[in-house]
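# A closer look at the structure
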Amino acid sequence: MTPVPWQLQVFRISVRKREKWSWIRSVLAARGLPRGRCIDVGCGVGTLSVLLRDRGGSWTFLEPDAEAAQESEALLQVPVLRSSLEVLRIPGASLDLLTAFDVLEHLAAPEVFLREVARVLAPGGWFVATTPAAQEGWYVWRRAGEQLFVITKEAHGHVVEGFSEAALRELIRRATT
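On a predicted model such as this, the values are computed, not experimentally measured, just so you know.

This part takes up the overall build of the chain. Within the chain, the secondary structure is distributed over seven helices and four strands. Of all 177 residues assigned to the chain, the portion counted as buried reaches 40%. Across the chain, the fraction of contacts at a sequence separation of at least 24, relative to all contacts at a separation of at least 6, is 63%. Approximately 9900 Å² of the chain is accessible, and the part contributed by carbon and sulfur atoms is 57%.

Next up, the structure:
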């Protein structure tokens, strides 16, 4: 019997990861996605990437962190692009779907990344992302983690805690106008 990769073992026991995947799956399904040429940007260790790939579309995966990219490659059994998120080495207007799950909070200049997203999406293309919602809910668990395990936003590589819905809408508006 083939052992289950550690990424999928963690997924199976994590209520938050399964809830996030349920939301992502429903958002994509409601739009007939994934289809066409797709990229998962900031794919991390590949957990969501393998689930996305299994739903359809022709996928590319990108992860700027070399160690995480290696973990993704081992799970996905395909090369993972390593690139800065500020300059995506992808032709303009070439993607039908770009996903970025829990990426924006890691970026010092998320508007630069969002301009790249707008550049590489084909007309009618979709951008689907998640980010922590600053000051909205789940942060009671983050606070507990900070106190019990000394887990901070910096330890997770977060530049900001997250974005309120209004702040995220404004950030996207500024990046795309």
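It is worth spelling out the sheet that holds strand 2 (residues 58–62) at this point. With parallel pairing, four strands are arranged side by side in an open sheet as 2-1-3-4. Edge strands, defined here as strands with exactly one partner in the open sheet, are strand 2 and strand 4 (121–130). Ignoring which end each strand starts from, the neighbouring axes of this sheet average 20° apart. Note that strand 3 (residues 95–101) and strand 4 share six bridges and pair parallel. Across the sheet, the residue bridging to Leu 95 is Leu 121, located in strand 4. Sitting on the sheet, helix 2 (residues 15–30) touches strand 3 and strand 4, and the angle it makes with strand 4 is about 160°.

Once that is clear, we can look at the pattern of salt bridges. Throughout the structure, instances matching the rule amount to five salt bridges. Linking Arg 82 and Glu 73 is a salt bridge whose minimum nitrogen-to-oxygen distance equals 3.2 Å. In this structure, the salt-bridge partner of Arg 119 is Glu 116, at a minimum N-O distance of 2.9 Å. Of this pair, Arg 119 and Glu 116 both sit in helix 5 (residues 110–120), three residues apart, roughly one helical turn. The exposure class of Arg 119 is partly exposed, given its relative accessible area of 34%.

Before going further, it helps to examine the pairing of strand 1 (residues 37–41). Burial of strand 1 is extensive: four of the five residues sit out of reach of the surface. Summarising the sheet, strand 1 and strand 2 pair through five bridges and their orientation is parallel. Within the sheet, the bridge partner assigned to Val 41 lies in strand 2 and is Leu 62. In terms of handedness, the path from strand 1 via helix 3 (residues 47–53) over to strand 2 forms a crossover that is right-handed. Bridge analysis of strand 1 against strand 3 gives three bridges, and the strand direction is parallel. What sits directly across from Cys 38, in strand 3, is Leu 97.

Criteria and cut-off values
Residues numbered from 1 in each chain as written. Predicted model: local features only at pLDDT ≥ 70, side-chain atom pairs only at ≥ 80, totals over all residues. Heavy atoms only, no water. Helix = DSSP H or I, 4+ residues; strand = E, 2+ residues; numbered from the N terminus. Buried < 20%, exposed > 50% of the residue type's maximum accessible area, 1.4 Å probe, protein only. Contact = heavy atoms within 4.5 Å. Areas by Shrake-Rupley, 256 points an atom, 1.4 Å probe, with all protein chains shown as cover. Pairing = 2+ DSSP bridges. Axes fitted to C-alpha atoms, helices over the stretch in contact; angles between N-to-C directions. Salt bridge = Lys/Arg side-chain N within 4 Å of Asp/Glu carboxyl O. Right-handed = clockwise from strand over helix to strand, strands pointing away.

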